[in-house]
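Residues per chain, in single letters:
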Amino acid sequence: MCALDAKYEAYLSQHGLTASEFTPMELLACAVARELTDGAFAFVGTGLPLLAATLAKKTTAPSLTIILEAGTFDPEIADLPISVADPRAAFNAATLGTLADAFGTIAARGYCTLGVLGAAECDMYGNLNSTAIGNPLPAGISPTGRGPDVRLTGSGGANSIAALADKIVVMMVHEKRRFPPRVSYLTTVAGRRGPAGESRFDYGLFRGGELKVITDLCTLKPDPVTGILVLDEVFPGVTPEEVRENTGWDLDISHARPFRPPSEEELRVLRLEVDPHRFYLGRTRKGRR
Amino acid sequence: MANEDLTSKVMTAAEAVRRFIRPGTHIAFGGFAVLRRPMTIAREIVRQGIGDLFVTMNGGTTVEEMLAGAGLIKWLETTYLGMEGGMPVAYAVRLAIEQGEIELVEDYSNWSFALRTVAARYGLPFMPCLGDLGSDLITHDTFGRAGLRGRDEKGRWRHPGIPPRKYAVIDDPFEGWGLRPRDYRSGPDTCANKSNAYRQADSLPTAYTGKPGVKVALVPPLLPEVTVVRAQRVALDGTVRIEGLLGPDVDQSLAGRILIVECERICPPEELRAVPEHNQIPGHFVSAIVEQPFGGYPTAVPNYYDYDYEWFREYGQAVRGRTLAEVHEYWHEQVATTRDDWDYLLNRVGLKRLAALRADPRHHYNPELSRFK
């Protein structure tokens, strides 16, 4: 047994893992990493998207360029950052700019081919809500005299990234309430937006439309004709019917295919090189209630 | 000017807040998330209890969480309300919005908001933006519905900090000629993006303007009364040098009427003027200089100290599940009862804890910082 194997063996036994089995977080990281193609200029947030980008760089996409929306171009991730503005996200970067630079100099100028986003709601056309659930009006103008039922973060960079990227990857927790037919507040146009006459280009969004939604159950992609999300790949142990039951519209599952599970090599790199302390991989699935 | 009093803008945080910030002041705080936030001035606002604030922000939320936690924000113009350290949405801000203590909230995206500061910085009447189109950011106009936009019967602006419109969508008079990717005479564009639907379109969109065209969302300048920024160094003559990531700063700092700069150290002008290309703001734009080492705590100031991850974690545990009144009590006890920022830093935080955050010159942060326990 060589030294590296011994190190990996020790890691596996320390964390109660095996070389071929994987946790839900590891599966998600691998699924997102596979969407990050070599040569892409990817706007990623911290947490799982950055893990996936680092995994892709170390495996299938060595020339991937990582961009953080606070203004950082091509950093080296020596210690995992907790925020896009964490000084760890700026280490050995090519340039550090301003917010206007991130979306102007980098994205609008033509160096944002891909973005990874999350949201509280995703509808059948890939519209995202990260602003408010229910009535979005603040108390001062709301007929109820109260603010929204649940106030969320707001757009941040999501709206801008989805306006300027060629392709968007959305990460979601797969629950029916998070996949309504229409979002209650349209923060971000990540996909087609609506039927003919209501599409993203009908409102002047001149880039993008390519979309992949990755949940803890499956992956979804827009039907090439209608733009409505349909079931693409199903994760191990999940049935297409189960996905449909957890989706808020009549999900087309007729083209479902099995997801190729993470390989032992992907898992080894993810565990030993990307998140060796399992800062993020050790977490349980986020947001599931 | 040999006799110029170079110390005239130097003052304590207490004096800067007394002089420039009043109930209802329209104010923007610099920095971004866990980076270089002007906590010294923000904490002094909590000590003096100045409320009804109109806070405008591009990427928070440590300052805004404290101000909302102390019950001091009335209107909020925002792009992002996330907090770090296991708190997806800033807790007190969220409660204050849901329960109506923050009465009005106006949403933009990071980019459209940044362009508002760019317009202001350059003294321009608006900037064009290619985002926000097709979203509810454009259709939801809180200040408009609250009757705060435009002019009153005497022809004066109803609120000098609120533009007459949230956006104006126009058709690009240059017909999308400059949008990337495009073709040059010598060949196709070299940029990485491939999609530009205007190049293949049979017909142009008609949304917003009612006629076919290349849609552009114009955003008005951001013109707060006061902007506050934290820099590593400020010279006695007001010259500002920020190190590391800039985030919304510089553009936003130059957007307002009064600029308060707080810093780790005040230095002689020669120290910064020897390499002027590394400076961002001339002293002429600065109204007040406040020196407070460690005053960015608990956020990070690159090359000086890291953020205090444990503070963010402990704060989450302290407030989670609490009522807004209980959160007000927390901030009163933590900050309002301190004399000044040294009192806060030494007696609420402690020198040992501060010293453990010191940054390493190669990383610009502290690679030994314990996190994710």
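Residues numbered from 1 in each chain as written. Chains lettered and ligands numbered in written order. Predicted model: local features only at pLDDT ≥ 70, side-chain atom pairs only at ≥ 80, totals over all residues.

J.: Would you mind going over the overall build of chain A with me for this structure?
T.: Of the regular secondary structure elements, chain A holds seven helices and 15 strands. A globule of 289 residues ought to have a C-alpha radius of gyration of about 19 Å, and chain A, at 19 Å, matches this closely. With respect to the three principal axes, the spread of C-alpha positions in chain A is 65 × 45 × 40 Å. The buried share of chain A, reckoned over its 289 residues, is 57%. Considering only residue pairs separated by 6 or more positions, chain A has 64% of its internal contacts joining residues 24 or more positions apart. (Helix = DSSP H or I, 4+ residues; strand = E, 2+ residues; numbered from the N terminus. Rg over C-alpha atoms; globule rule 2.2 N^0.38 Å. Buried ≥ 20, exposed ≤ 12 C-beta atoms within 10 Å, placed from the backbone. Contact = placed C-beta atoms within 7 Å.)

J.: Would you mind showing me how to read the overall build of chain B here?
T.: Across its full length, chain B holds twelve helices and 13 strands. By the compact-globule yardstick of 21 Å for 373 residues, chain B fits well, its C-alpha radius of gyration being 22 Å. Seen through its C-alpha atoms, chain B measures out along the principal axes to roughly 70 × 50 × 50 Å. Taking the intrachain contacts of chain B between residues at least 6 apart in sequence as the baseline, contacts between residues at least 24 apart amount to 74%.

J.: Would you mind showing me how to read the interface of chain B and chain A here?
T.: For an interface, size is often stated in terms of accessible area lost upon the parts coming together. Contact residues are listed per partner, giving 69 residues for chain B and 66 residues for chain A. Going through the elements one at a time, α4 (91–99), β4 (104–107), α5 (110–121), α6 (136–139) and α7 (142–145) of chain B are the ones with two or more residues in the side of chain B that touches chain A. When residues in the side of chain B that touches chain A are grouped by element, the largest group, five residues, is from α5 of chain B. Looking at side-chain class alone, the side of chain B that touches chain A contains 36 nonpolar, 20 polar and 13 charged residues. (Nonpolar A, V, L, I, M, F, W, Y, C, P; charged D, E, K, R; others polar.)

J.: Looking at this structure, how should I read the sheet that holds strand β6 (residues 168–171) of chain B?
T.: Backbone-to-backbone hydrogen bonds pair the strands of a sheet. The strands run either parallel or antiparallel. All names here are of chain B. Strand order in the open sheet made by the three strands is β5-β9-β6, with antiparallel pairing throughout. Where the open sheet ends on each side, the last strands, each with one partner, are β5 (127–129) and β6. Between one strand and the next, the sheet's axes are offset by a mean angle of 40 degrees, whatever the strand orientation. Inspection of the sheet shows β5 paired to strand β9 (residues 215–219) by three bridges, in the antiparallel sense. (Pairing = 2+ DSSP bridges. Axes fitted to C-alpha atoms, helices over the stretch in contact; angles between N-to-C directions.)

J.: Where do I start with the environment of N196 of chain B in this structure?
T.: Looking at the secondary structure, you find N196 of chain B in the loop between β8 (187–188) and β9. Remark: the alpha-carbon pair of N196 of chain B and R182 of chain B, spanning 14 residues in sequence, is separated by 8.0 Å. Among residues more than four places away in sequence, those in contact with N196 of chain B are F206 and R207 of chain A together with L179 and P181 of chain B.

J.: Is there a simple way to explain the sheet that holds strand β2 (residues 65–68) of chain A in this structure?
T.: All names here are of chain A. With respect to topology, ten strands assemble into an open sheet ordered β4-β3-β2-β1-β5-β10-β12-β13-β14-β15, the strand pairing being mixed. The two strands at the open ends of the sheet, each matched to only one other strand, are β4 (95–96) and β15 (257–258). Across two bridges, strand β1 (residues 41–43) lies against strand β5 (residues 114–118) in parallel orientation. Residue pairing for β5: F43 is matched across the bridge by G115.

J.: What's the story with the pairing of β2 of chain A in this structure? I'm lost.
T.: The two faces of the sheet receive side chains in turn, since in a regular strand these alternate between them. Residues and elements named next belong to chain A. The sheet contact formed by β1 and β2 spans three bridges and is parallel. Across the sheet, A42 pairs through a bridge with I66, a residue of β2. Judged from the two bridges that link them, β2 and strand β3 (residues 72–73) form a sheet pairing that is antiparallel. By the bridge assignment for β3, I67 is matched with F73. Counting the residues that bridge the hairpin from β2 to β3 gives three residues, and of these G71 lies at a positive phi of roughly 125 degrees.

J.: Please explain the confidence of the model for chain B as it appears in this structure.
T.: Detail in the predicted coordinates should be disregarded across regions flagged by low pLDDT. On average, residues of chain B carry a pLDDT of 96, and 98% of them reach 70 or more. The ipTM value of the predicted complex is 0.96, and its pTM value is 0.96. (pLDDT = per-residue confidence, 0-100.)

J.: Honestly, the nonpolar core in this entry has me stumped. Any pointers?
T.: Taken as a class, soluble globular proteins show a tendency for nonpolar side chains to be buried jointly. With 204 residues, the main nonpolar core has A29, V32, A42 and V170 of chain A together with L67 of chain B as its most contacted residues. Built from parts of two domains, this core gets at least three residues from each of domain 1 (13–108 + 223–355) and domain 2 (127–150 + 157–219) of chain B. When near neighbours in sequence (up to four residues on either side) are disregarded, A29 of chain A contacts L48, L51, A52, L55 and L270 of chain A. (Core = buried A, V, L, I, M, F, W, Y, C linked by C-beta atoms within 7 Å. Domains from an automatic or database assignment.)

J.: Whenever I open this one, the packing of helix α3 (residues 62–69) of chain B against α4 of chain B confuses me. Can you help?
T.: A pair of packed helices is characterised by two quantities: the angle between their axes and the separation of those axes. Residues and elements named next belong to chain B. The interhelical angle for the contact between α3 and α4, taken along N-to-C directions, is 50 degrees, at an axis separation of 7 Å. Relative to α4, α3 is oriented oblique. Of the two elements, α3 crosses α4, and the hand of that crossing is left-handed. Contacts between α3 and α4 involve E64, E65, A68 and G69 from the former and A92, V93 and A96 from the latter. (Parallel < 35°, antiparallel > 145°, perpendicular 65-115°, else oblique. Left-handed = near helix turned anticlockwise from the far one by under 90°.)

J.: Looking at this model, I keep getting lost on α5 of chain B. Mind explaining?
T.: Three- or four-residue spacings in an α-helix give side chains the same orientation, since the helix completes a turn every 3.6 residues. Look at α5 of chain B: 16 Å from first C-alpha to last across twelve residues, which is about the 16 Å you get at 1.5 Å a residue. Among the residues of α5 of chain B, N110, W111, S112, F113, A114, L115, R116, T117, V118, A119 and A120 of chain B are the ones counted as buried. For α5 of chain B, the secondary structure elements touched by its buried residues are α4 (99–108) and α5 (158–164) of chain A together with β5 and β9 of chain B. With its phi angle positive at about 70 degrees, G123 of chain B sits one or two positions after the end of α5 of chain B. (Expected span 1.5 Å × (residues − 1).)

J.: Before we go on, may I ask you to explain the domain arrangement of chain B in this structure?
T.: Residue and element names in this part refer to chain B. Entries for chain B in the domain assignment read domain 1 (13–108 + 223–355) and domain 2 (127–150 + 157–219). Placing the centre of domain 1 and that of domain 2 at their C-alpha centroids yields a distance of 32 Å. Contact residues are listed per partner, giving ten residues for domain 1 and six residues for domain 2. Looking at the side of domain 1 that touches domain 2 residue by residue, the class counts come to six nonpolar, one polar and three charged.

J.: Would you mind showing me how to read unusual backbone geometry here?
T.: Negative phi values dominate among residues other than glycine, just as trans dominates among peptide bonds. Cis rather than trans, the peptide bond between R180 of chain B and P181 of chain B has omega equal to -5 degrees. Topologically, P181 of chain B is positioned in the loop between β6 and β7 (183–184). The residue after Y297 of chain B, namely P298 of chain B, is reached through a cis peptide bond having omega 10 degrees. Backbone geometry at N92 of chain A places phi at a positive 55 degrees, although glycine is not the residue there. Take N92 of chain A: there are 11 C-beta atoms within 10 Å of it, and that puts it in the exposed class. Phi is positive for V250 of chain B, close to 70 degrees, though the residue is something other than glycine. As for its placement among the helices and strands, V250 of chain B is situated in the loop between β11 (240–241) and β12 (258–267).

J.: Please clarify how the packing of helix α3 (residues 48–58) of chain A against helix α7 (residues 264–274) of chain A should be interpreted in this entry.
T.: Residues and elements named next belong to chain A. At their nearest, the axes of α3 and α7 sit 10 Å apart, and the two run at 115 degrees to each other. In terms of their interaxial angle, α3 and α7 are classed as roughly perpendicular. In this structure, α3 meets α7 at a crossing whose hand is right-handed. Facing α3, whose interface residues are L51, T54, L55 and K58, α7 presents E266, V269, L270, E273 and V274. For the contact of α3 with α7, the residue count by class is five nonpolar, one polar and three charged.

J.: Sorry if this is basic, but what is going on with the environment of R244 of chain A here?
T.: Residue and element names in this part refer to chain A. Mapped onto the secondary structure, R244 falls in helix α6 (residues 240–245). Using a count of 16 C-beta atoms within 10 Å as the deciding quantity, one classes R244 as partly exposed. Distance from R244 to L231, taken between C-alpha atoms, is 8.4 Å for residues 13 residues apart in sequence. Apart from the residues lying within four places of it in its own chain, the contact partners of R244 are L251 and I253.

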